[in-house]
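Chain by chain, the residues:
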Amino acid sequence: MEVVKPDLTLALKEIRTQYESIATKNVQETEEWYKSKFADLTEAAGRNTETLRQMKQELNDSRRHVQSLTCDLDALKGTNEALLRQMREMEEQFSAEASGYQNTIAHLEKEVHHMKDEMARHLREYQDLLNVKMALDIEIATYRKLLEGEESRITVPVQSMASLSFRGESGRNVRALQLSA
């Protein structure tokens, strides 16, 4: 009997073929897995690229908006400063005008007080003159009464004399008496 010698070379070739087929199969599976992962990553990268582009666009829009708002803010700050400056100027102007009005009011109040004093003085003078006038009117009335009393006393004898002389004298004497009366 012959002992069968195992053919190591053949066995090694078979093992090698099996390993090569397993390796080929593994390489194919790895390539397919790599291709599928690469396709997934490419698709994800495409989506992310689009998202990145949109984000960049939004970022640029936001930057422009921020720049626009910054310009608006600067313009509003300038306007605010101008308005504050104008308000201070108006406050100073109104303060000066109010001070002028206060001075005018004080001057007019002094004039009113002076006019009241002068009016009171004129009123006292008028009252004094009125008192003097009333005293003079009373005096004039008294003198008038005295004169009327004297006239009545004198006219009674003159009338009796006139009637006497009228009878005895000419018309010229009558006229002289009438004129004197």
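All values derive from a computational prediction rather than experimental measurement.

Caption draft 1: The overall build of the chain, seen in detail. Looking only at helices and strands, the chain has two helices and zero strands in total. Across the 181 residues of the chain, 2% fall into the buried class. Total accessible area on the chain stands at roughly 16,900 Å², and carbon and sulfur atoms take up 61% of it.

Caption draft 2: Main features of the packing of aromatic side chains. Here the structure, examined in full by the defined rule, presents one aromatic pair. A ring pair is formed by Y34 and F38, whose centres lie 5.9 Å apart and whose planes are at 25 degrees; its orientation type is stacked. Of this pair, Y34 and F38 both sit in helix α1 (residues 8-168), four residues apart, roughly one helical turn.

Caption draft 3: Structural context of the pattern of salt bridges. The full count for this structure, using the stated rule, is eight salt bridges. For D137, the salt bridge goes to K133, with nearest N and O atoms at 2.8 Å. Of this pair, D137 and K133 both sit in helix α1, four residues apart, roughly one helical turn. Note that E150 and R153 form a salt bridge whose closest N and O atoms lie 2.9 Å from each other. Here R153 and E150 lie together in helix α1, a separation of three residues that amounts to about one turn. Classification of E150 by relative accessible area gives partly exposed; the value is 34%. When salt bridges with common partners are traced through the structure, they connect E118, R121 and E125 into a single cluster.

Caption draft 4: View of a nonpolar patch on the surface. Among the surface-exposed residues, I15, Y19 and I22 lie close enough to one another that they form a single nonpolar patch of about 310 Å² accessible area. With respect to the helices, strands and loops of the structure, Y19 is situated in helix α1. A residue is classified by how much of its surface remains accessible, and Y19, at 56% relative accessible area, is exposed.

Caption draft 5: Structural view of the confidence of the model for the chain. Per-residue confidence for the chain gives a mean pLDDT of 85, with 82% of residues at or over 70. For residues 166-181, every residue scores under 50 in pLDDT, and the model assigns this stretch three contacts once sequence neighbours within four places are set aside.

Each value, and the rule that gives it
- Residues numbered from 1 in each chain as written.
- Predicted model: local features only at pLDDT ≥ 70, side-chain atom pairs only at ≥ 80, totals over all residues.
- Heavy atoms only, no water.
- Helix = DSSP H or I, 4+ residues; strand = E, 2+ residues; numbered from the N terminus.
- Buried < 20%, exposed > 50% of the residue type's maximum accessible area, 1.4 Å probe, protein only.
- Areas by Shrake-Rupley, 256 points an atom, 1.4 Å probe, with all protein chains shown as cover.
- Phe/Tyr/Trp six-rings, centres within 6.5 Å; stacked < 30°, edge-to-face > 60°.
- Salt bridge = Lys/Arg side-chain N within 4 Å of Asp/Glu carboxyl O.
- Patch = residues over 30% accessible without salt bridge, like charges linked within 9 Å, V, L, I, M, F, W, Y side chains within 5 Å.
- pLDDT = per-residue confidence, 0-100.
- Contact = heavy atoms within 4.5 Å.

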